[in-house]
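Spelled out, the chains give:
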Amino acid sequence: MPLAVMMLKVTFDFTADSTVVVSSNSPKNASQSVWRYRLESEKKQLVIYEPTRTVIYTYALRDNLLTLSDDKDSIVFKKH
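**Brief notes about the overall build of the protein**
Within the protein one finds 0 helices and 7 strands. Starting at the N terminus and walking to the C terminus, you meet the elements of the protein as β-β-β-β-β-β-β. Principal axes of the C-alpha set define a box for the protein whose edges measure 50 × 30 × 25 Å. Taking the intrachain contacts of the protein between residues at least 6 apart in sequence as the baseline, contacts between residues at least 24 apart amount to 3%. Looking at charge distribution, the protein has the averaged site of its 11 positive side-chain charges lying 4 Å from that of its 9 negative ones.

Now the structure itself:
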């Protein structure tokens, strides 16, 4: 049975003006979204304001890794 593997890249670009640009290179649905964000450093939280919801992640920085976690998922970013 042939095995097909597709590598997708999603980029989060956090800017100094509290905007985050999220880009995906999906071949069928390449997209880009622009949302607002706020850091709450005392709570170690990242709040992202999407058009239909507000998402609150707890963040942890360790070496070159940023981990964002909410009630359901965790996302790990590696600095290049």
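We are not done yet, so read on.
**As for the layout of surface pockets**
Taken as a whole, the largest pocket holds about 580 Å³ of empty space. Together, 20 residues line the largest pocket, and F12, F14, L66, F77 and K79 are the ones closest to its centre. Elements that contribute at least two residues to the lining of the largest pocket include exactly β1 (10-14), β3 (31-40), β5 (54-62), β6 (65-69) and β7 (74-78). The element best represented in the lining of the largest pocket is β1, accounting for 4 residues. Within this model, the second largest pocket holds a volume of roughly 160 Å³.

**Quick word on the sheet that holds strand β2 (residues 19-24)**
Spatially, 7 strands are ordered β1-β2-β3-β4-β5-β6-β7 in an open sheet, and the strand pairing comes out antiparallel. The two strands at the open ends of the sheet, each matched to only one other strand, are β1 and β7. Strand-to-strand twist of the sheet, defined as the mean angle between neighbouring strand axes without regard to direction, takes the value 30°. Here β1 pairs with β2 via 5 bridges, running antiparallel.

**Quick notes on the packing of aromatic side chains**
Evaluated as defined, the whole model comprises 3 aromatic pairs. Measuring from centroid to centroid gives 6.4 Å for F12 and F14, while their planes differ by 15°, and the two rings are stacked. Taking relative accessible area as the criterion, F12 reaches 28% and is therefore assigned partly exposed. When its relative accessible area of 31% is taken as the criterion, F14 is described as partly exposed. Geometrically, the ring pair formed by F14 and Y37 is edge-to-face, given 5.1 Å between the ring centres and 90° between the ring planes. With F14 in strand β1 and Y37 in strand β3, this pair connects stretches of sequence that are 23 residues apart. Relative accessible area serves as the criterion here: at 14%, Y37 is assigned to the buried category. Ring-pair connections join several aromatic residues into one group, and the members of that group are F12, F14, Y37 and F77.

Here is what the cut-offs are and how they apply
- Residues numbered from 1 in each chain as written.
- Predicted model: local features only at pLDDT ≥ 70, side-chain atom pairs only at ≥ 80, totals over all residues.
- Heavy atoms only, no water.
- Helix = DSSP H or I, 4+ residues; strand = E, 2+ residues; numbered from the N terminus.
- Contact = heavy atoms within 4.5 Å.
- Lys, Arg positive; Asp, Glu negative; His and termini not counted.
- Charge placed at Lys NZ, Arg CZ, Asp CG, Glu CD.
- 1 Å grid on protein atoms, 1.4 Å probe; cavity = no way out; pocket = protein on both sides within 12 Å on 5 of 7 lines; lining within 4 Å.
- Points joined across faces, edges and corners; volume = space filled by probe spheres on them.
- Pairing = 2+ DSSP bridges.
- Axes fitted to C-alpha atoms, helices over the stretch in contact; angles between N-to-C directions.
- Phe/Tyr/Trp six-rings, centres within 6.5 Å; stacked < 30°, edge-to-face > 60°.
- Buried < 20%, exposed > 50% of the residue type's maximum accessible area, 1.4 Å probe, protein only.

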